[in-house]
Structure formats: structure tokens, C-alpha cells
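Breakdown of the fold
Next come the chains, spelled out residue by residue.
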Amino acid sequence: MNKTQFNKFVEYLLKKDNVFAPQRNVEGKLIIGPLKNAKDLYLGAELPLDSWKWYMIPPYQKMFDYKGDKMIETLPEANKQIFLGVSILDMQALTLLNQIFEQDPYYQEIKKKTIIIGTSHVPEDNFSEYFAEFEENKLEHLQFDIFLAVLGNDFKLYTGSEDGQRFLDDFGYKNYKHIEYAGPIREEGLDPQMVSVMDGMQNYHDQKIWDDLGKRCIQCGKCTIACPTCFCFRIFDKAHLQRGTGERDRCWDTCFYNEFTQTAGVAPDAPKHKMMNTTAQKIYFWYEHHFVRTPATFSLPGCVECGRCTRACPADIDVFQTQRDILAARTKGKKK
Ligand code: SF4
Ligand code: SF4
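Residues numbered from 1 in each chain as written. Chains lettered and ligands numbered in written order. Predicted model: local features only at pLDDT ≥ 70, side-chain atom pairs only at ≥ 80, totals over all residues. Heavy atoms only, no water.

In this section: the overall build of the protein chain. Along the protein chain, the regular secondary structure elements total 12 helices and 11 strands. Scaling as 2.2 N^0.38, a compact globule of 336 residues should have a C-alpha radius of gyration of about 20 Å, and the protein chain matches this with 22 Å. Summarising its shape, the C-alpha atoms of the protein chain cover approximately 65 × 65 × 40 Å along the three principal directions. Classification of the 336 residues of the protein chain by burial places 49% in the buried group. Pairs at least 24 apart in sequence give 67% of the contacts found in the protein chain among residues at least 6 apart. Computed over 43 positive and 46 negative side-chain charges, the separation of the two mean positions in the protein chain equals 4 Å. (Helix = DSSP H or I, 4+ residues; strand = E, 2+ residues; numbered from the N terminus. Rg over C-alpha atoms; globule rule 2.2 N^0.38 Å. Buried < 20%, exposed > 50% of the residue type's maximum accessible area, 1.4 Å probe, protein only. Contact = heavy atoms within 4.5 Å. Lys, Arg positive; Asp, Glu negative; His and termini not counted. Charge placed at Lys NZ, Arg CZ, Asp CG, Glu CD.)

Counted according to the given criterion, the structure contains 20 aromatic pairs. A centroid spacing of 5.9 Å and a plane angle of 15° characterise the contact between Phe9 and Tyr12, whose relative ring orientation is stacked. You can see Phe9 and its partner Tyr12 sitting in helix H1 (residues 3–16), 3 residues apart, about one turn around the helix. Both residues of the pair, Phe9 and Tyr12, belong to the buried class. Within the aromatic cluster, the residues linked to one another by ring pairs are Trp210, Phe256, Tyr284, Trp286, Tyr287 and Phe291. The ring centre of Trp252 lies 4.7 Å from the NZ or CZ of Lys53, which sits over that ring. The positively charged end of Arg250 is found above the aromatic ring belonging to Phe233, 4.5 Å away from the centroid. (Phe/Tyr/Trp six-rings, centres within 6.5 Å; stacked < 30°, edge-to-face > 60°. Lys NZ or Arg CZ within 6 Å of the ring centre and 35° of its normal.)

Formed by 34 residues in total, the largest nonpolar core has its most connected members in Met91, Leu139 and Phe144. Elements represented by at least two residues in this core include exactly strand E5 (81–87), helix H3 (88–100), helix H4 (105–111) and strand E7 (146–151). Top element by residues in this core is H3. It accounts for 8 residues. Looking at which domains feed residues into this core, each of domain 1 (3–178) and domain 2 (192–335) gives three or more. Contacts of Met91, omitting those with residues within four sequence positions, involve Val86, Ile116, Gly118, Thr119, Leu139, Leu142, Phe144 and Phe147. Val197, Tyr287, Val292 and Cys309 belong to the second largest nonpolar core, which has 29 residues in total. (Core = buried A, V, L, I, M, F, W, Y, C linked by side-chain atoms within 4.5 Å. Domains from an automatic or database assignment.)

Structure below.
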């Protein structure tokens, strides 16, 4: 698809449904937002600091009303939406969220009304690696509708769903290849680098890494908000004035906040009724979630290496440096 055809395609999408896409705001910052005009679309190597999870798992969501012992489920009033220009890194994050929220009716209600149009654009550092192998090894394990593989000034088009095919057929573009989804897990398993980091954390623990990070981290939780794969939320009830009525809601949460592991009663080893009492414990838990628990549970990377947490962190904590430190501790431990 050449540039002229692509511009017409964007116009066609804008007429069809609500389109969300990366674009510059008035301050020149790259954000994801409703696209009003095709010329505002940004398709390139830079990633917006916010991620698509804002539109899949809203930060605040009502779950159900209750009246006496009756529960009235409140599914989100989701409009049809098109995500245009989703980097292949963010497609991995969305594919992971699809697994995590497979049984979640609120997420599924939004997902079934969402069309994903991805691109092979990734930050410059990762570009060559991802571009070289996206077709064979990546696309068949990602959930998307249309994929735009950047080829110079043009795009090579792939579809990953019947919806994607329908969109292109309706637009009148036939020159695409269909990729059948083969499930999220690659035959060769997790990326070897990811396996090494996981092994480093599990078997070559170096407390100094976490104590040092614990001294720098201010527990602001920005990394969690920025991360496209962080998905924890807290649940709370709001009583209404009428007797016996109320609602249950959920909102994003982060393991850096003090209440995150607060427990009722006194658990063993949990002074102050919390499972985590120091910043070092919290930051370790955050990394363990991304590099150990998520891959162990879903056989998928819990980190897509987008670098958003590093960009958001006021303490300059660098996820890639921490990975290098974990790997160095592993190498040192192996030599012993
Ligand atoms: S680089 Fe940071 S923000 Fe991006 S997926 Fe990994 S942990 Fe999350
Ligand atoms: S953004 Fe940085 S300072 Fe804030 S909680 Fe995360 S690691 Fe700590």
C-alpha cells in the first residue's frame, strides 16, 4: 500500500468508527488520543508515554450495583473503536492482557468492539531485530486485525482476523496476506534473554541490587501507570444512601503503594499487617512480577521492553540497567 492509498485508508477508518492513534499534543508530546484528522497521525519509531491499556482497562471502572443480596452487573458501554498505529511491542502487551483478562467480562466487552491496526515501528534500538523477524516468528503469535509492515515509504499489509479482512475488502484493497493466529506462545518458548533474567532473579539473587534501587525509588507508582503490561487493580465498595444498595468498583493500583499488600489479621512475617514493608521489597516485587511471575504463569514475557517505565521514573531507575545488573549477578554466581 503506497502513501496515497494509506492516506485514503485512514480517511475511510475515520468515517467508520472512533479512531485512537498516536499524535502530538499542543506541547509537542506524543500521546494516544482520539484522531480527528488524518494529518495528525504519527507513525514512527517513537512510542507515546501512555499506552493502549488506558482504553482496554480504564483506570476506574464500575463492576456492578447491588441491591440487598442481588447483584446487577454493569458491563462498560463500549463504543466501537479502532486503535491505529499500535507498535508491535504494544501488540505483544495487548496479547498478554488478552490472556490475563480472558475471563474478565469487562475487558472482553471492550475487546470485542476494538480493532487493532499494528505497525512494525519500534524504538530505534530495537528496530532491526524486530523488523527482521516479525513476519515468521511474531505475527502468528499476536492478536491483531491489520498489520502495517513498513517497507521504505510503503506498507506491506497483513490481516490477523476476519474483521481485519472485512475492513480491507470493504475499503477495496486486496493485496494483503492473512496470518492465522497460532496462539500466544512461540514454539521455541520464551526469548533466551528473558529466560536468563528470570533465572538470574530466581537463582542468583543479589540483595545489593534491590537495596540500592530501594534507596533511590520514591514509590510514586509512575512506572506502573506507564507500563503497558501492569494490570493490578484494587476493588472497593461504595454504599449508596438508599438502604441495602451500593456498587462495587475497581481502579488501577500499584505494588508501590502502602495499602497494596495490607492484610486483615496478622500474617506470619508481616509486621504492620503488610507483606511488603520496605521500598527494596516493593521494587523487587515489581520486577519479579514482570520477569518471573508473568512468564512463569503465562509463558509470555511480562516486559515488552518498551522503556516507558524508565522514561516515567523521576528517580532515573532504568529497567534495562537493572536487567544488566541481574545478568551480571547471574554470571558472577555461575563462576563461583
Ligand atoms: S520496559 Fe518497563 S514499561 Fe515497558 S513493558 Fe517493560 S517493565 Fe513495562
Ligand atoms: S517510577 Fe521510579 S521512583 Fe516511581 S515507583 Fe517506579 S521505580 Fe520508584
